[in-house]
Amino acid sequence: MKIMSQILTSVGYQRWLRFKSIKRAYYSFVIILLLYLTSFLLPVLVNSEALLVKYNGKFYFPLFKSYKAEDFNQYVKKTDDSISQPLFGKANYRLLKKQFESDNSGNWVLLTLVPYDPEENLLEEMEGIPPHPPSLQHWFGTDDRGRDVFARLAYGFKISLTFSLLVTLISFIMGIIIGGVLGFVGGKTDLIGVRFIEIWSTLPFLYIIIIISSLIGVSFLLMIIVLTLFSWMNISFYIRGEFYREKAKEYVLAARSIGASKSRLIFRHILPNSLTPIITFIPFSIVGNITLLVALDYLGFGLPPPTPSWGELINQGMHNLHNWWLVIFPLLALFLTLLLIVFIGEGIREAFNPKEKIIFQ
Amino acid sequence: MMSFLLEIKNLTVSIQNENFYISKGSNNLSTNVIDNLSLDIRAGEIYGLVGESGSGKTLLALSIMRLLSEPFIKINSGEIFLNGTDILKLSYENLRKIRGNKISIIFQEPSSSLNPVLKIGTQLLEAISPDTNTNQDKKEYAISLLKKVGVPDAESRMNYYPHQLSGGMKQRVMIAMAIARKPSLIIADEPTTALDVTIQAEILDLLRNLHSEQSESSILFITHNLAIVNQICDTVSVIYGGEIMETAPRDEFFSNPLHPYTQGLLNSLPDINKSKRIKLSPIKGTVPPLGKFPPGCKFADRCEKAVSICNKIKPENKELQKNHFVKCHLY
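Residues numbered from 1 in each chain as written. Chains lettered and ligands numbered in written order. Predicted model: local features only at pLDDT ≥ 70, side-chain atom pairs only at ≥ 80, totals over all residues. Heavy atoms only, no water.

## Observations regarding the overall build of chain A
Move 1: Looking only at helices and strands, chain A has 15 helices and five strands in total.
Move 2: Taking 2.2 N^0.38 as the reference for a compact globule, 361 residues should give roughly 21 Å; the C-alpha atoms of chain A span a radius of gyration of 27 Å, well beyond that estimate.
Move 3: Dimensions of chain A along its principal axes, counting C-alpha atoms only, are 90 × 55 × 40 Å.
Move 4: For chain A, the residues scored as buried account for 44% of the 361 residues in total.
Move 5: Counting contacts in chain A only where the partners sit at least 6 residues apart, residues at least 24 apart contribute 66% of the total.
Move 6: Of the roughly 19200 Å² that chain A leaves accessible, carbon and sulfur atoms contribute 68%.
Move 7: Between the mean site of the 33 positive side-chain charges and the mean site of the 26 negative ones, chain A shows a separation of 15 Å. (Helix = DSSP H or I, 4+ residues; strand = E, 2+ residues; numbered from the N terminus. Rg over C-alpha atoms; globule rule 2.2 N^0.38 Å. Buried < 20%, exposed > 50% of the residue type's maximum accessible area, 1.4 Å probe, protein only. Contact = heavy atoms within 4.5 Å. Areas by Shrake-Rupley, 256 points an atom, 1.4 Å probe, with all protein chains shown as cover. Lys, Arg positive; Asp, Glu negative; His and termini not counted. Charge placed at Lys NZ, Arg CZ, Asp CG, Glu CD.)

Now the structure itself:
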């Protein structure tokens, strides 16, 4: 009961209530959160591997163990429908399902909701030349290499969001640590540190990415490191200023006057008070990092192919303007994601605003 | 001979000018804000320090705590002895042991002296000695402190945030934090300035009661309000331009002020007994900006009784009667 009342009066809970009362932001938050959590279930929802196979009275779980085609005695039917050759290599469960259905032998395959892999081309199964327009099988069509656009968008969502969350988180932590040290220590450390940051921020980020990607090639991890190294500066400036301001305030003086240690001053008193304005930056920084990754992918300096990425799809749309599904769906996905996150950011900013709520009701 | 709890000897504090970084090393770029100041506080007394804005009262308080924002404001020379140990020579760790334990300070602005994101209770617990008690004991002690300083409903107030309390309540909490470790010296830096008059009286009563409970501890009461000084102080000093002009026991101070500045201060008070028609008689002129004081007596250019020597030569600190010191060429 006591703990409950403590929670109810805490500033954080009040802010959460205020955020919740801003419907647009709250629902955007719920949607993004659900989508992101769902994206961790993608291997069960969007996957070329089947969930369950029953073959000759035994059950197989291809999600956990990879099976060869001969394990299920899979064969390929040629066009004249009479000769069938055994299939080698990995089992293809979509074809296996058709085969079992036509064999009528009591075997069956339970496929995932969208039985396509984002990196798998479907040239052998589909007629005509890719890109294929949307159909019942391929909701958003296929791209110019015959890969399912929906699968690529879904996996791309997870990658984009994870990527920008990580970059935002790490660069914020870096910025807070560096800015905090500069602001708290002050003096010559600050003078020299800020000059270094100024020089560092003038380095042409895009060229460095291009040089790195041509020299050693890029990976998910390397991209995160490089982008983090080039995006912590603004936060550090901000935190440095906040530290300067907060450490001169009387409550810090009062804490020092009762003998509080330096670490206590920093972590207990100054940091929580300087963090508040920073938190409102987070959603906008996430938006920025998603856009950045899409831009780099679009230019071809982003994540290495065949990683499912939105920028690469948008690039395809650019080269295939007459194939409308390659233009509309990636752009729509990007637009909606950014819009929802901006709504969240708006709501957070409003919830943290100590003054009365004016708009967004 | 009476022992002194706090002895300040020839303290000089200076402010660095703006282009401190560029021309570091040359001394003429700093201005003395506290100038060769000496002051003694006996154990158990309430010592009043009166002065106008900008006379260096708060800087003196911060110097004693060593809380000046160095390197821009720093102590150039002098000694501050607390029970015989020189505070200015202490290492950072030893200084931390003195702060809160031996000396504590109550600031002028209670609203900004409490951390807005922490609960009252958390901040009070912080002020209570970290190594003695268990958490439960600490909490009970914190509640008893709150009760002592007159915060009603202390248990639930522990969970309040500063913005949920009024100014007077916040100042009470600050006082509770200041007395938490029973320090031998409490510096009260204009503790009532930010409060309205009725609350002022309550806070003064509280301080007086707390002092009578712990009679061995001293209070350095910094204010610009002579009425408050008259109410609670034992000894009074007047500070002008970073120098102590006159020091006297309270009754002596009000009945027989000797320094022209003190006289001017007392004359400029409105008197309820006099007729309403009489105009207030303020001291002429204003406090000069830092560094623009006359080279001799700092008050010389505003003093009605000034003679030619006043502008050139600094007056000595003379003990005219027992415990009554004056810095003036007239005596």
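## Topic: the layout of surface pockets
Space left empty within the atom packing is revealed by a probe, the size of a water molecule, rolled over the atoms.
Move 1: What the largest pocket holds in volume is close to 1100 Å³.
Move 2: If you trace the largest pocket, you find 36 residues lining it, with A:K247, A:R256, B:L68, B:S69 and B:E70 closest to the centre.
Move 3: For the lining of the largest pocket, the elements supplying multiple residues, two or more each, are α6 (149–185), α7 (187–201), α10 (233–247), α11 (250–257) and α12 (262–279) of chain A together with α1 (57–65) and α2 (92–98) of chain B.
Move 4: Residues that form the lining of the largest pocket fall into these classes: 20 nonpolar, five polar and eleven charged. (1 Å grid on protein atoms, 1.4 Å probe; cavity = no way out; pocket = protein on both sides within 12 Å on 5 of 7 lines; lining within 4 Å. Points joined across faces, edges and corners; volume = space filled by probe spheres on them. Nonpolar A, V, L, I, M, F, W, Y, C, P; charged D, E, K, R; others polar.)

## Focus: the sheet that holds strand β6 (residues 103–106) of chain B
All names here are of chain B.
Move 1: Ordered in space as β6-β7-β8-β3-β9-β10-β12-β11, the eight strands form an open sheet in which the pairing is mixed. Whereas interior strands pair on both sides, the edge strands pair on one side only; in this sheet they are β6 and β11 (317–321). Within this sheet the neighbouring strands show an average axis-to-axis angle of 20°, counted without direction. (Pairing = 2+ DSSP bridges. Axes fitted to C-alpha atoms, helices over the stretch in contact; angles between N-to-C directions.)

## Some details on the domain arrangement of chain A
Move 1: Structurally, chain A comprises domain 1 (49–111) and domain 2 (151–352).
Move 2: The centre of domain 1 of chain A, based on its C-alpha atoms, is set 46 Å off from the matching centre of domain 2 of chain A. (Domains from an automatic or database assignment.)

## A closer look at unusual backbone geometry
Residue and element names in this part refer to chain B.
Move 1: In this structure, N36 takes a positive phi of about 55° despite not being glycine.
Move 2: Along the polypeptide, N36 turns up in strand β2 (residues 30–42).
Move 3: Given a relative accessible area of 42%, N36 falls into the partly exposed group.
Move 4: In this structure, D153 is a non-glycine residue whose phi angle is positive, near 55°.
Move 5: If you trace the backbone, D153 turns up in the loop between α5 (135–148) and α6 (154–157).

## Section: the nonpolar core
Residue and element names in this part refer to chain B.
Move 1: Counting 97 residues, the largest nonpolar core has I64, I187 and F221 as the members making the most contacts within it.
Move 2: The greatest single-element share of this core, amounting to eight residues, is contributed by helix α7 (residues 167–179).
Move 3: Once you skip the residues sitting within four places of it in the chain, I64 turns out to touch L6, I8, I80, I87, I103, L185, I187 and L220. (Core = buried A, V, L, I, M, F, W, Y, C linked by side-chain atoms within 4.5 Å.)

## Notes on the interface of chain B and chain A
Move 1: Of the residues lining the interface, 32 residues belong to chain B; the matching set on chain A comes to 23 residues.
Move 2: In total, about 2400 Å² of surface goes out of reach between chain B and chain A, with carbon and sulfur atoms giving 54% of it.
Move 3: Close ionic contact of B:E126 with A:R264 constitutes a salt bridge, the shortest N to O distance being 2.6 Å.
Move 4: Applying the counting rule to chain B against chain A returns ten residue pairs in polar contact (both at pLDDT 80 or more). (Buried area = accessible area lost by both parts, 1.4 Å probe. Salt bridge = Lys/Arg side-chain N within 4 Å of Asp/Glu carboxyl O. Polar contact = N/O pair within 3.5 Å; in protein donor to acceptor, adjacent residues only side chain to side chain.)

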